[in-house]
Amino acid sequence: MSEKIRVTMYNEYLEELHDANCAKVYPKGLHGAIGDYLAKNPEIEFTAVTMEMPNCGFTDELLNNTDVLLWWGHGHHGEVPDEVANKVQRRVLNGMGFVPLHSAHMSKPFMRLMGTSCRLHWCDDEKEVMWTVTPSHPIAKDVPEYFVIDSEEMYGEPFGIPNPDEVVFIGWFNHGSVFRSGVTFRRGNGKIFYFQPGHNSNPGYYNPHVLKIIENAIYWAKPDFIVPNREDYFGKDVIKI
């Protein structure tokens, strides 16, 4: 791995361009808000790709030089090419860190890695109190016992994911619903952290605690090294059995 943590963020970047409310909240896109924060960290090299780019911006060179992938998707999961989703899944299994954000619970890569429906209960625009339930976890470093997000799209249980390795954060919404808002998994050689806040019409990605959690997740998910694909590792003359 390089000296810097090479972080790529995929963002659909459609609503911010075509919806006035979303554009007002995120004039530079969701990836712009997160990228501006991460740019302050000299140990992180940040790249953003969007859906309207060829193959959603995922060249083999970019993916093979990504240590941690952030993924934000919402209403266009089905338009991500299967080939891209398969390559992301393979790269995670080989060791790349993966941080799906908010509606990326229904993204093709996350669903392939989970193997379940990933569906959940939903409504919009509720106050959320985020509770740190595993304060010793590296992703919770410098995060308070709880913090408030004034307006967020509500996700609620049941959440159709496999049992997580760890539940780091639980969200409570003001009409009583709770949600496993920050959970970890290991798949193959890769580490995955799913994090719930971040609807594109709510200003969650300006919340300093939300941004700190994403930054912590990058450090936690970064690999020491990524195992090459078998053919690359053994050479082109590997015996096929």
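In this text the structure is predicted, and so the values were computed from the model without any measurement. (Residues numbered from 1 in each chain as written. Predicted model: local features only at pLDDT ≥ 70, side-chain atom pairs only at ≥ 80, totals over all residues. Heavy atoms only, no water.)

Novice: Quick rundown of the side chain of Thr184? Include the residues and the values.
Specialist: Residue position: Thr184 is located in strand 8 (residues 178-187). Among the polar contacts made by the side chain of Thr184, one reaches the side chain of Glu166 at a distance of 2.5 Å. Other than its neighbours up to four places away in sequence, Thr184 contacts His137, Ile139, Pro164, Asp165, Glu166, Val168, Ile192, Phe193 and Trp220. (Helix = DSSP H or I, 4+ residues; strand = E, 2+ residues; numbered from the N terminus. Polar contact = N/O pair within 3.5 Å; in protein donor to acceptor, adjacent residues only side chain to side chain. Contact = heavy atoms within 4.5 Å.)

Novice: So what's going on with the environment of Val167? Which residues, and what values?
Specialist: With respect to the helices, strands and loops of the structure, Val167 is situated in strand 7 (residues 166-173). Sequence spacing of Val167 and Glu126 is 41 residues, and the spatial spacing of their C-alpha atoms is 22 Å. Each residue touching Val167, except ones within four places of it in the same chain, is listed here: Val133, Thr134, Arg180, Gly182 and Val183.

Novice: Lay out the packing of aromatic side chains in plain terms, naming residues and giving numbers.
Specialist: Per the stated rule, a full pass over the model turns up 15 aromatic pairs. Seen in terms of ring centroids, Tyr26 and Tyr206 are 5.1 Å apart; in terms of plane orientation they differ by 15°. Their pairing is stacked. Within this pair, whereas Tyr26 is found in the loop between helix 2 (20-25) and helix 3 (30-38), its partner Tyr206 is found in the loop between strand 9 (190-195) and helix 7 (208-221), the two being separated by 180 residues in sequence. Here Tyr26 falls in the buried class, since its relative accessible area comes to 0%. Look at Tyr206 and you get partly exposed, because its relative accessible area is 45%. Seen from their ring centres, Phe169 and Phe195 are 6.1 Å apart, and the 50° between their planes marks the pair as tilted. A residue pair is termed long-range when its members are at least 10 positions apart, and Phe169 in strand 7 and Phe195 in strand 9 qualify at 26 residues. For the pair shown, Phe169 and Phe195 are each scored as buried. In this structure, Lys191 is placed above the aromatic ring of Trp220, and the distance from its NZ or CZ to the ring centre is 5.4 Å. (Phe/Tyr/Trp six-rings, centres within 6.5 Å; stacked < 30°, edge-to-face > 60°. Buried < 20%, exposed > 50% of the residue type's maximum accessible area, 1.4 Å probe, protein only. Lys NZ or Arg CZ within 6 Å of the ring centre and 35° of its normal.)

Novice: A description of the pattern of salt bridges should follow, citing residues and the corresponding values.
Specialist: Here the structure, examined in full by the defined rule, presents eight salt bridges. A salt bridge links Lys28 to Asp36; its shortest N-O distance comes to 2.8 Å. A salt bridge links Lys87 to Glu83, with the shortest nitrogen-to-oxygen separation between them at 3.4 Å. Of this pair, Lys87 and Glu83 are both found in helix 5 (residues 82-94), four residues apart, which corresponds to roughly one turn of the helix. (Salt bridge = Lys/Arg side-chain N within 4 Å of Asp/Glu carboxyl O.)

Novice: Can you tell me about helix 5, naming the residues and giving the values?
Specialist: Compared with an ideal rise of 1.5 Å per residue, which puts 13 residues at 18 Å, helix 5 spans 18 Å between its outermost C-alpha atoms and is within 8% of the ideal. Val84, Ala85, Val88, Arg91, Val92 and Asn94 are the residues of helix 5 that are buried. Contact partners of the buried residues in helix 5: helix 4 (60-64), strand 3 (68-72), strand 4 (97-101), helix 6 (108-114), strand 8 and strand 9. (Expected span 1.5 Å × (residues − 1).)

Novice: Can you break down the side chain of Gln196 residue by residue, with the values?
Specialist: With respect to the helices, strands and loops of the structure, Gln196 is situated in the loop between strand 9 and helix 7. For Gln196, a relative accessible area of 0% puts it in the buried group. Polar contacts involving the side chain of Gln196 include one to the side chain of Ser181, which spans 2.8 Å. Apart from residues no more than four positions distant in its own chain, Gln196 is found in contact with His102, Glu128, Met130, Glu152, Glu153, Tyr155, Phe173, Phe179 and Ser181.

Novice: How would you summarise the packing of helix 3 against helix 7 if you had to cite specific residues and measurements?
Specialist: Two quantities define a packed helix pair, namely the angle between the axes and the distance from one axis to the other. At a minimum axis distance of 11 Å, the contact between helix 3 and helix 7 shows a crossing angle of 70°. Accordingly, the angle class assigned to the pair helix 3 and helix 7 is roughly perpendicular. In terms of crossing hand, the pair formed by helix 3 and helix 7 is right-handed. Contact residues: Ile34, Tyr37 and Leu38 in helix 3; Leu211, Lys212, Ile214, Glu215 and Ile218 in helix 7. Partitioned by chemical class, the residues of the contact of helix 3 with helix 7 number six nonpolar, no polar and two charged. (Axes fitted to C-alpha atoms, helices over the stretch in contact; angles between N-to-C directions. Parallel < 35°, antiparallel > 145°, perpendicular 65-115°, else oblique. Left-handed = near helix turned anticlockwise from the far one by under 90°. Nonpolar A, V, L, I, M, F, W, Y, C, P; charged D, E, K, R; others polar.)

Novice: So what's going on with helix 3? Which residues, and what values?
Specialist: In terms of burial, helix 3 is a largely internal element, seven of the nine residues being buried. Check the buried side of helix 3 and you find it contacts strand 1 (5-11), helix 1 (15-18), strand 2 (44-50), strand 3, strand 4 and helix 7.

Novice: Let's hear about a nonpolar patch on the surface: which residues, and what values?
Specialist: A cluster of nonpolar side chains, contributed by Trp131, Val133, Tyr146, Val148, Ile170, Trp172 and Val178, occupies part of the molecular surface with about 570 Å² of accessible area. Counting residues per element, the ones that place at least two in the nonpolar patch are strand 6 (146-156) and strand 7. Within the secondary structure, Tyr146 sits in strand 6. (Patch = residues over 30% accessible without salt bridge, like charges linked within 9 Å, V, L, I, M, F, W, Y side chains within 5 Å. Areas by Shrake-Rupley, 256 points an atom, 1.4 Å probe, with all protein chains shown as cover.)

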